[in-house]
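# Close look at the chain arrangement
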Amino acid sequence: RKEVEQDPGPFNVPEGATVAFNCTYSNSASQSFFWYRQDCRKEPKLLMSVYSSGNEDGRFTAQLNRASQYISLLIRDSKLSDSATYLCVVTVTGGGNKLTFGTGTQLKVEL
Amino acid sequence: IAGITQAPTSQILAAGRRMTLRCTQDMRHNAMYWYRQDLGLGLRLIHYSNTAGTTGKGEVPDGYSVSRANTDDFPLTLASAVPSQTSVYFCASSDSTGGDTQYFGPGTRLTVL
């Protein structure tokens, strides 16, 4: 079983739609959680950290469920510019700052 | 320089040749990392360095070596390239090793024939 699992997609949604991605992780010692965004042929960039209480940044909402070991990302009012691959990332207690990446979920927002 | 840079942008290399990928950051970050990204496998950590003068092995270190002589530079060397090392290589840095954001360079696309 992969340490971090994501549905690869692609998710094809119309502009203005709400879309949600889930990610599961296998290591219960996972400590920190993030969503990164990666545009085609570009480097990953941090989208947002994920906190136990959940957090929101504009149209983006991230939630963490430690009991079920999954993380979610909700995007409201999708824009064409949201088209990208979204990477779920975790770190493990005692693992320093070594990130474990999911393979990513591809989002395509269409007119 | 602003941020983290990598060189070359892309390279085609004959199998058996030696190659060094360069990575430089000007943010004075303590920690640096090398990842490779392959289709269907995501990013995997090759080597890392928590501070200048120290290095450690990641998930897929075989066939690669690194050095960290100073804070800014973290070169990755393939001593004798093989086709399975064809990949996109990303260098990253973070201020500390305590869950800080990692900032990635633009990547190097390497093809080994």
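Fair warning: this is a prediction, and the values are worked out from it, not measured in the lab. (Residues numbered from 1 in each chain as written. Chains lettered and ligands numbered in written order. Predicted model: local features only at pLDDT ≥ 70, side-chain atom pairs only at ≥ 80, totals over all residues. Heavy atoms only, no water.)

### Describing the interface of chain A and chain B
In this assembly, 17 residues from chain A lie in contact with 22 residues from chain B. Run the count over chain A and chain B and you get zero salt bridges. There are two residue pairs in polar contact (both at pLDDT 80 or more) connecting chain A and chain B. Secondary structure elements with two or more residues in the side of chain A that touches chain B: β4 (30-38), β5 (44-50) and β10 (99-101) of chain A. When residues of the side of chain A that touches chain B are assigned to their parent elements, the largest contribution, three residues, is made by β4(A). (Contact = heavy atoms within 4.5 Å. Salt bridge = Lys/Arg side-chain N within 4 Å of Asp/Glu carboxyl O. Polar contact = N/O pair within 3.5 Å; in protein donor to acceptor, adjacent residues only side chain to side chain. Helix = DSSP H or I, 4+ residues; strand = E, 2+ residues; numbered from the N terminus.)

### Some words on the packing of aromatic side chains
Under the criterion given, the structure shown has twelve aromatic pairs over all chains. Between A:Phe21 and A:Tyr86, the ring centres sit 5.5 Å apart and the planes meet at 35°, which makes this aromatic pair tilted. Residue A:Phe21 is located in strand β3 (residues 19-25), and its partner A:Tyr86 is located in strand β9 (residues 84-92); the two are separated by 65 residues in the primary sequence. Both residues of the pair, A:Phe21 and A:Tyr86, belong to the buried class. One aromatic cluster is present, built from ring pairs that chain together A:Phe34, A:Tyr36, A:Phe101, B:Tyr33, B:Tyr35, B:Phe90 and B:Phe104. (Phe/Tyr/Trp six-rings, centres within 6.5 Å; stacked < 30°, edge-to-face > 60°. Buried < 20%, exposed > 50% of the residue type's maximum accessible area, 1.4 Å probe, protein only.)

### Quick notes on the state of the cysteines
Summed over the entire model, instances satisfying the criterion amount to two disulfides over all chains. Disulfide partner of A:Cys23: A:Cys88, at an S-S distance of 2.0 Å. Disulfide A:Cys23-A:Cys88: the torsion about the S-S bond is -75°, which places it as left-handed. Of the two residues, A:Cys23 sits in strand β3 while A:Cys88 sits in strand β9, which places them 65 residues apart along the sequence. In this structure, A:Cys23 and A:Cys88 share a single accessibility class: buried. The disulfide bridge from B:Cys23 ends at B:Cys91, spanning 1.9 Å between sulfur atoms. (Disulfide = S-S within 2.5 Å.)

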